[in-house]
Amino acid sequence: MLGVASVLAIDYKAGADLTGYWNSCILSWRFQEGILSGLRLIADFIWGWHHGRLMLLVSVLIAPLQVLAVYWIIRRLKNARSTVEDASWGSRSTGSLILLTGVILASILIGYPICAGRLILFAQVHLQLLAIEGGLFILTFWNRYKIARTFLYLCIVVVTMYPAHRYVKFIQDEPRENLRPMLSLIKSETANTVWVHPCSVAQVKSLPEPLPVQEVLFNTRKHLPPPGRKVWILWSHLGDGHCREELERVRSQALNWQLVHEGPGRGLALADF
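Residues numbered from 1 in each chain as written. Predicted model: local features only at pLDDT ≥ 70, side-chain atom pairs only at ≥ 80, totals over all residues. Heavy atoms only, no water.

A. Layout of the overall build of the protein. Each helix and strand counted, the protein has 12 helices and five strands in total. In the protein, which comprises 273 residues, the share counted as buried stands at 40%. Of the roughly 16,700 Å² of accessible surface on the protein, 63% is carried by carbon and sulfur atoms. (Helix = DSSP H or I, 4+ residues; strand = E, 2+ residues; numbered from the N terminus. Buried < 20%, exposed > 50% of the residue type's maximum accessible area, 1.4 Å probe, protein only. Areas by Shrake-Rupley, 256 points an atom, 1.4 Å probe, with all protein chains shown as cover.)

And the structure:
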């Protein structure tokens, strides 16, 4: 809590430009846009990690289990009684409910952003505990045991299909910002100089082999490519706004710009200056 408070204090001191970056992730700001906007952010926080085509199906099956878990946890707290099953499970689900509720309240009261990927990953395990709690509730109190068990098996199959589908897609997709497909396209006989984008310097320097040219320009934040020469322009990490702006600045100074390769977050061009 002290660490989070320190980070928030630094952001608020930095001014509205930095805190404004997270406005769309803060409940107090979203509720100013409208009730539906705020509820949509809460839904993204709870189920937003189900990306892809199976997102709706997974959410439709998991959401009822989580709702039942909330009901059962509150009911247990009100009755203040503990059965053997409750004692074996412990207070995990109660702690998960308190944590998730606290994060949502923090977004309303102190402007804590709740759509950052790392936060969703941290909260995901607690959302899964609630789903398990809801499944145990169904098996305990639903008289038609076979139907309840079939429903839970269906949930397990669908939830298992989701990470399997994502894993296969991850294997099939080309790694983002991979520089190696561009290295074979750099020909020293065409141009013997490579201008490396400032956002790509560390990535290029980490390559085990040097670039196949005589001159590699790394101090590119202060200096543009030399005039009167043909130069290879290599870039990556264009997910950041300032990286795209830097590339546009260089492109605007070029007399001739020939795009040789373009991939996810990366590119190679041959330019005259």
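B. Here's a closer look at helix H7 (residues 92–109). With 18 residues, H7 extends 25 Å between its outermost C-alpha atoms, agreeing within 8% with the 26 Å of an ideal straight helix rising 1.5 Å per residue. Among the residues of H7, Ser93, Thr94, Ser96, Leu97, Leu100, Val103, Ile104, Ala106 and Ser107 are the ones counted as buried. Just past H7, the residue glycine 111 takes up positive phi, approximately 70°. (Expected span 1.5 Å × (residues − 1).)

C. Molecular detail of the packing of aromatic side chains. Under the defined criterion, the tally for this structure stands at three aromatic pairs. Where tyrosine 71 meets phenylalanine 137, the ring centres are 5.9 Å apart and the plane angle is 80°; that geometry is what we call edge-to-face. On the criterion of sequence distance, the pair formed by tyrosine 71 in helix H5 (residues 55–79) and phenylalanine 137 in helix H8 (residues 117–141) is long-range, its members being 66 residues apart. Cluster of aromatic residues (ring-pair linked, three or more members): Tyr71, Trp72 and Phe137. (Phe/Tyr/Trp six-rings, centres within 6.5 Å; stacked < 30°, edge-to-face > 60°.)

D. Region of interest: the pattern of salt bridges. Counted under the stated rule, the structure contains six salt bridges. For glutamate 209, the salt bridge goes to arginine 180, with nearest N and O atoms at 2.8 Å. One end of the pair, glutamate 209, is in the loop between helix H11 (201–205) and strand E2 (215–217); the other, arginine 180, is in helix H10 (residues 180–183), with 29 residues separating them in the sequence. Accessibility expressed as a relative area gives 32% for glutamate 209, which makes it partly exposed. Its relative accessible area of 43% is what places arginine 180 among the partly exposed residues. Among the salt bridges present, the one from glutamate 246 reaches arginine 249, with a minimum N-O distance of 2.5 Å. On the criterion of helical spacing, the pair formed by glutamate 246 and arginine 249 is a turn pair, its members being three residues apart in helix H12 (residues 241–253). (Salt bridge = Lys/Arg side-chain N within 4 Å of Asp/Glu carboxyl O.)

E. How the structure looks around helix H9 (residues 145–172). Here H9 is 28 residues long and its end C-alpha atoms lie 41 Å apart, about the 40 Å a rise of 1.5 Å per residue gives. The complete set of buried residues in H9 reads Ala148, Leu152, Cys155, Val158 and Tyr162.

F. Molecular detail of the pairing of strand E5 (residues 266–272). Within E5, six of the seven residues are buried, leaving the element largely enclosed by the surrounding structure. Alignment of strand E3 (residues 230–236) against E5, held across seven bridges, turns out to be antiparallel. Across the sheet, tryptophan 235 pairs through a bridge with glycine 267, a residue of E5. With seven bridges joining them, strand E4 (residues 256–263) and E5 adopt antiparallel strand pairing. (Pairing = 2+ DSSP bridges.)

None of this, on its own, says anything about what the molecule does.
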